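Here are the chains, one letter per residue:
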Amino acid sequence: MPPEQKIVDMTHKWMGNASEDFHLAKLAMTPNPPFIKSAVFHCQQAVEKALKGFLVYHGKKFRKVHDINELARQVLEVAPALNELLKQADTLTAYAIAYRYPDAAKEDLTTDKVKHAL
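No experiment lies behind these values; they were computed from the predicted model shown.

Rules used in this analysis
Residues numbered from 1 in each chain as written. Predicted model: local features only at pLDDT ≥ 70, side-chain atom pairs only at ≥ 80, totals over all residues. Heavy atoms only, no water. Helix = DSSP H or I, 4+ residues; strand = E, 2+ residues; numbered from the N terminus. Contact = heavy atoms within 4.5 Å. Areas by Shrake-Rupley, 256 points an atom, 1.4 Å probe, with all protein chains shown as cover. Patch = residues over 30% accessible without salt bridge, like charges linked within 9 Å, V, L, I, M, F, W, Y side chains within 5 Å. Salt bridge = Lys/Arg side-chain N within 4 Å of Asp/Glu carboxyl O. Axes fitted to C-alpha atoms, helices over the stretch in contact; angles between N-to-C directions. Left-handed = near helix turned anticlockwise from the far one by under 90°. Nonpolar A, V, L, I, M, F, W, Y, C, P; charged D, E, K, R; others polar. Phe/Tyr/Trp six-rings, centres within 6.5 Å; stacked < 30°, edge-to-face > 60°. Buried < 20%, exposed > 50% of the residue type's maximum accessible area, 1.4 Å probe, protein only.

Asks: Where do I start with the overall build of the protein in this structure?
Replies: When helices and strands are counted, the protein shows five helices and zero strands. Helices and strands in the protein line up, N terminus first, as α-α-α-α-α. The long-range fraction of contacts in the protein, counting pairs at least 24 apart against all pairs at least 6 apart in sequence, stands at 52%. Here the protein displays about 7700 Å² of accessible surface, and carbon together with sulfur accounts for 58% of that area.

Okay, structure coming up:
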């Protein structure tokens, strides 16, 4: 397989995983009451994986991190026009771990906050 095809294939895998997390976030918001903690976790995961897919596509290496800001800085080297959008996405970084452990959450989430992320 040519190197270019490997890049395209890996990009598709990252973006497919990002899409799945995005859909899981939306599904988590459908019950009444919604599963807010799961929704924000999957929002964070979707953005993280999409950024990693973008970096793979552009031949950029990245560390195994959950820090959207760190990944965004690398993305901005390739696409500075995404600056404002990535500033907004950085607020999701905390949700990579904030709600995975019962004693880690520092913020009460509202449905409105999560809907804004979606």
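There is more to say, and it comes next.
Asks: Sorry if this is basic, but what is going on with the side chain of E70 here?
Replies: Position of E70 relative to the elements: it lies in helix α3 (residues 68–78). Not counting residues up to four positions away in its chain, the partners in contact with E70 are R63 and V65.

Asks: Sorry if this is basic, but what is going on with a nonpolar patch on the surface here?
Replies: Where nonpolar side chains cluster on the molecular surface, the patch consists of I7, V8 and Y57 and spans about 250 Å² of accessible area. Along the chain, the position of V8 falls in helix α1 (residues 3–28).

Asks: Sorry, what's going on with the environment of K64 here?
Replies: Within the element layout of this structure, K64 appears in the loop between α2 (36–57) and α3. Taking the C-alpha atoms as reference, K64 lies 9.6 Å from K52; in sequence the two are twelve residues apart.

Asks: Mind showing me how you'd approach the packing of α2 against α3 here?
Replies: In a packed pair of helices, the relevant descriptors are the angle between the two axes and the axis-to-axis distance. Relative to each other, α2 and α3 sit at 35 degrees, their axes nearing to 10 Å. In terms of crossing hand, the pair formed by α2 and α3 is left-handed. Residues Q44, V47, E48, L51, K52, F54 and L55 of α2 touch α3, and the partners they reach there are I68, L71, A72, Q74, V75 and V78. Classifying every residue of the contact of α2 with α3 by side-chain character gives nine nonpolar, two polar and two charged.

Asks: Teacher, can you tell me more about the packing of aromatic side chains here?
Replies: Two descriptors summarise a pair of aromatic rings, namely the distance from one centre to the other and the angle between the planes of the rings. What the rule picks out here adds up to one aromatic pair. Look at W14 and F62: their rings are 6.0 Å apart centre to centre, the planes differ by 70 degrees, and that puts the pair in the edge-to-face class. Of this pair, W14 sits in helix α1 while F62 sits in the loop between α2 and α3; the two residues are 48 residues apart in sequence, bridging distant segments of the chain. Under the relative-accessibility criterion, F62 is labelled partly exposed at 24%.

Asks: Which parts of the structure should I look at to understand the side chain of Q74?
Replies: Here Q74 lies in helix α3. For Q74, a relative accessible area of 16% puts it in the buried group. Discounting residues that sit within four places of it in the chain, Q74 has contacts with L55, K61 and F62.

Read these as geometric descriptors, not functional statements.
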